[in-house]
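Here is how the chains run, residue by residue.
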Amino acid sequence: MKVLLYFESEKILAKSGIGRALDHQKRALSDVGIPYTLDTNDDYDILHINTYGINSHNMVNKARRDGKKVVYHAHSTEEDFRNSFIGSNQLSPVVKKYLVSLYQKADYLITPTPYSKRLLESYGIEVPIRAISNGIDLDKYQPDLTKEQKFREYFDLSPNQKVVICVGLFFERKGIIDFVEIARKMPEYTFIWFGHVPMYSIPKNIRKIVKEDHPKNVIFPGYIRGDVIEGAYSGADLFFFPSYEETEGIVVLEALASRQNVLVRDIPVYEGWLQDGKNCYMGRTNQEFIEKIRQITEKEIPSLVHAGYKTAEERSIERIGQELQEVYETVLEEQETPLEVRKSKSMKR
């Protein structure tokens, strides 16, 4: 068995959660001893594809012609395409049709959570779907005092300064507007939003927030890798992720693995693995978030870092590798369903 991990526009998407998902897949396959390649010219048995651009479309068609098995990693849905780039809401129905046409060509779909699995099933896709977490590298996010010191020095933070962080692209869907509005009402706290996206690609109101329309206690340092961001995860006082829509939220796993308290919006994607007051805290309104931020950072309510870490452990890369192996073995053992049969079923719906 040899797997081709295909990832279109890798350099562009490397700063996103999907980019980290590819890194996790490489590590997961190595851990379970499955040979893989990133070279499209290599021979392979299974195409494991992560993206949906025009080159991805061509790769799937080529794999089908060559008689290769196709496992599509469905990171994207219509729901998480909305409220992101300029024109995303207008384009989302078209994106949904395109995604369905691509996903339907696969032998098997993998998606990060039961929630995203339900969304895909609601699209009428008849390909088998399995929910497998994107996983987390537990070793990488172990708290480290040296990294935490580098984080505080990088931002010139005093020892007693309360710091709330978030990691994400500059999308309205990610809750960036709420993040800034909450910071306005909590001037005694420092709020740091790590992440980046080309400014020309996002709506004017979001560009304005990032560039100028935010209070002094909000910092947008851009995309940062290494010790500073890893130190921030464990060295901040709270990881606050007010996103409205996710297929999983790799950054949430990173925060949990860092033994950090986590505050998220109460949305369906967390059903079954995050529970308010058990392994994280949740809120729905800005006022609820403000109250929870104060309570968590002032230690007025219990720390949930130990339970949160247990949740991250359940999604360790080692476990993900075993689940991927099971999917690969399944598609290699099954007789291929002719593409013409799938098209016929699709036309009948």
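Criteria and cut-off values
- Residues numbered from 1 in each chain as written.
- Predicted model: local features only at pLDDT ≥ 70, side-chain atom pairs only at ≥ 80, totals over all residues.
- Heavy atoms only, no water.
- UniProt positions renumbered as here; feature names shortened; annotations may be inferred.
- Helix = DSSP H or I, 4+ residues; strand = E, 2+ residues; numbered from the N terminus.
- Polar contact = N/O pair within 3.5 Å; in protein donor to acceptor, adjacent residues only side chain to side chain.
- Contact = heavy atoms within 4.5 Å.
- Buried < 20%, exposed > 50% of the residue type's maximum accessible area, 1.4 Å probe, protein only.
- Pairing = 2+ DSSP bridges.
- Axes fitted to C-alpha atoms, helices over the stretch in contact; angles between N-to-C directions.
- Core = buried A, V, L, I, M, F, W, Y, C linked by side-chain atoms within 4.5 Å.

The subject of this paragraph is the UniProt feature "domain: Glycosyltransferase subfamily 4-like N-terminal" (unreviewed entry) in the protein. The sites that carry the UniProt feature "domain: Glycosyltransferase subfamily 4-like N-terminal" (unreviewed entry) are, in the present numbering, residues 41-140. As annotated, residues 41-140 has a helix share of 41% and a strand share of 16%, and its two end C-alpha atoms lie 32 Å apart.

This part covers the side chain of Ser88. Looking at where Ser88 falls in the secondary structure, it is placed in helix 5 (residues 88-103). Reaching out from Ser88, the side chain makes a polar contact with the backbone oxygen of Phe85 at a distance of 3.0 Å. Aside from chain neighbours lying at most four places away, what touches Ser88 is Phe81, Arg82 and Asn83.

Our focus in this paragraph is the environment of Pro221. Structurally, Pro221 can be placed in strand 9 (residues 218-222). By relative accessible area, Pro221 is classed as partly exposed at 25%. Along the primary structure Pro221 and Gly195 are separated by 26 residues, whereas in three dimensions their C-alpha atoms are 7.5 Å apart. Leaving out residues up to four positions away in the same chain, Pro221 has contacts with Phe155, Ile192, Trp193 and Phe194.

Taken together, the 6 strands give an open sheet; going across it, the order is 9-8-7-10-11-12, and neighbouring strands pair in parallel fashion. The sheet is open, and its two borders are formed by strand 9 and strand 12 (281-283), each paired with just one other strand. Recorded for the sheet is a direction-independent mean angle of 25° between the axes of neighbouring strands. Across the sheet, helix 8 (residues 176-184) touches strand 7 (163-167), strand 8 (190-194), strand 9, strand 10 (238-241) and strand 11 (262-265), and the angle it forms with strand 8 is around 165°. Lying on the sheet, helix 11 (residues 250-257) is in contact with strand 7, strand 10 and strand 11; it crosses strand 10 at an angle near 165°.

Moving on: the nonpolar core. For soluble globular proteins, nonpolar side chains are generally found buried alongside one another. Core analysis: the largest hydrophobic core is formed by 68 residues, its most contacted members being Ile165, Phe191, Phe194, Phe239, Val252, Tyr270 and Ile293. In contact with Phe191, other than residues within four places in its own chain, are Val164, Phe179, Ile182, Ala183, Met186, Asn217, Val218, Ile219 and Ile293. The next biggest cluster of nonpolar side chains, apart from the first, holds 24 residues, and it includes Met59, Phe81, Leu109 and Tyr123.

Let's shift gears to the UniProt feature "domain: Glycosyl transferase family" (unreviewed entry) in the protein. The UniProt feature table records "domain: Glycosyl transferase family" (unreviewed entry) at residues 151-302. Between the first and last C-alpha atoms of residues 151-302 the distance is 25 Å; the span itself is 33% helix and 17% strand.

What the 6 strands build is an open sheet, ordered 2-1-3-4-5-6; its pairing is parallel. The two strands at the open ends of the sheet, each matched to only one other strand, are strand 2 (36-37) and strand 6 (129-131). Sheet topology places strand 3 (residues 46-49) next to strand 4 (residues 69-73); 4 bridges connect them, and they run parallel. Residue pairing in the sheet places Ile49 in a bridge with Tyr72 of strand 4. The sheet contacts of helix 3 (residues 54-65) involve strand 1 (3-6), strand 3 and strand 4, and relative to strand 3 the element is tilted by about 165°.

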